[in-house]
Amino acid sequence: MALRSVYPILVAFLLSSCASYKYNIMFKSTDGVVPEPVTDEIRTLERNYVIQKNDLLGLDVYSNKGERLIDPVPELSRDNGTFENQEDDPRYLVDLKGIVRFPMIGEIHLEGLTLRQAEEVLQKEYANYFKEPFVLLTYLNKRVIMLGATGGQVIPLTNDNMKLVEVLALAKGLPNDSKAHTIRLLRGECVFQIDLSTIEGFRQGNLIVEPNDVVYVEPIRRPYSEALRDYAGAVSILVSLATLLAVINTL
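Quick look at the structure, then. (Residues numbered from 1 in each chain as written. Predicted model: local features only at pLDDT ≥ 70, side-chain atom pairs only at ≥ 80, totals over all residues. Heavy atoms only, no water.)

1. What about the pattern of salt bridges?
Thought 1: This structure, assessed with the given rule, holds eight salt bridges.
Thought 2: Note that Glu111 is salt-bridged to Lys53, the shortest N-O span being 2.7 Å. In this pair, Glu111 sits in the loop between strand S4 (106-109) and helix H4 (115-126) while Lys53 sits in the loop between helix H2 (40-44) and strand S1 (56-62), placing the two residues 58 residues apart along the sequence.
Thought 3: Given the relative accessible area of 26%, Glu111 is considered partly exposed.
Thought 4: Between Lys142 and Asp55 there is a salt bridge, with the nearest N and O atoms lying 3.0 Å from each other. Here Lys142, found in the loop between strand S5 (134-139) and strand S6 (143-148), pairs with Asp55, found in the loop between H2 and S1; they are 87 residues apart in sequence, far enough to count as distant.
Thought 5: A relative accessible area of 5% places Lys142 in the buried class.
Thought 6: It is possible to trace a salt-bridge network through shared partners that takes in Arg47, Arg187, Glu210 and Asp213. (Salt bridge = Lys/Arg side-chain N within 4 Å of Asp/Glu carboxyl O. Helix = DSSP H or I, 4+ residues; strand = E, 2+ residues; numbered from the N terminus. Buried < 20%, exposed > 50% of the residue type's maximum accessible area, 1.4 Å probe, protein only.)

2. Details of the sheet that holds strand S2 (residues 92-93)
Thought 1: A sheet is described by the order of its strands in space; here three strands give the open sequence S2-S1-S5, paired in antiparallel fashion. Among the strands making up the open sheet, the edge pair consists of S2 and S5.
Thought 2: The pairing of S1 with S5 spans six bridges and is antiparallel. Looking at the pairing, Tyr62 lines up with Phe134 of S5.
Thought 3: Packing against the sheet, H4 makes contact with S1 and S5, and its axis sits at approximately 140° to S5. (Pairing = 2+ DSSP bridges. Contact = heavy atoms within 4.5 Å. Axes fitted to C-alpha atoms, helices over the stretch in contact; angles between N-to-C directions.)

3. Re the packing of aromatic side chains
Thought 1: Going through the model one piece at a time under the given rule, you end up with two aromatic pairs.
Thought 2: When the centroid spacing of 5.2 Å and the interplanar angle of 50° are considered together, the rings of Tyr92 and Phe102 count as tilted. Remark: Phe102 occurs in strand S3 (residues 99-102) and Tyr92 occurs in strand S2; sequence separation between them is ten residues.
Thought 3: A centroid spacing of 6.1 Å and a plane angle of 40° characterise the contact between Tyr126 and Phe130, whose relative ring orientation is tilted.
Thought 4: For Phe130, a relative accessible area of 33% gives the class partly exposed.
Thought 5: Lys142 extends its terminal NZ or CZ atom over the ring of Tyr139, reaching a point 4.9 Å from the ring centre. (Phe/Tyr/Trp six-rings, centres within 6.5 Å; stacked < 30°, edge-to-face > 60°. Lys NZ or Arg CZ within 6 Å of the ring centre and 35° of its normal.)

Right under this line is the structure:
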């Protein structure tokens, strides 16, 4: 009788804990919201990233068309200490007006320009101080956010036109407890449903990612095993209590 009275409690406990695991699934489709298909235009659209508000830029300026950047005799530079580790390079913020404040040349509006266009603008400004300057700009905070089965990660976009599979590879791929057929990419107001479980799904869904995209890989939930793992202590107490009651009843 003691075990029979404990079993319903244990079953109800497991069922309630299983229901709670459903709340871990993110970005569920609500009524009337359907993920958009990945069209050929979206998948193959290539473009250079442009400078936007709140971007962080890295700046290197060289004279004589970049003589230090392309060193004909690197051994001499190494002997002179050129290759020693220096302090962290400064970062230059694009403010809410699209303006960046640089050393010597002051404030310049760069929002909406590609890196190449911005480098040409800065080269003209630094020509007032250096002979035939060579300017190299880099992005420091273009990134994609990874959530779900891959864990919370921020993947930097080191190149223009990186594809989804490249970003997943940088996130160490898809773990065993992930659904390759349920990957969502959130881009502003758009949501794309991507299936990488098949070759055809890969061809259709391996689109070019953009800065600030959110990639969510839905995890596979195993509610019963997870509930037993998380509540092993409580289950052990219930089993011990049932055993104790059974022993008492036999006395």
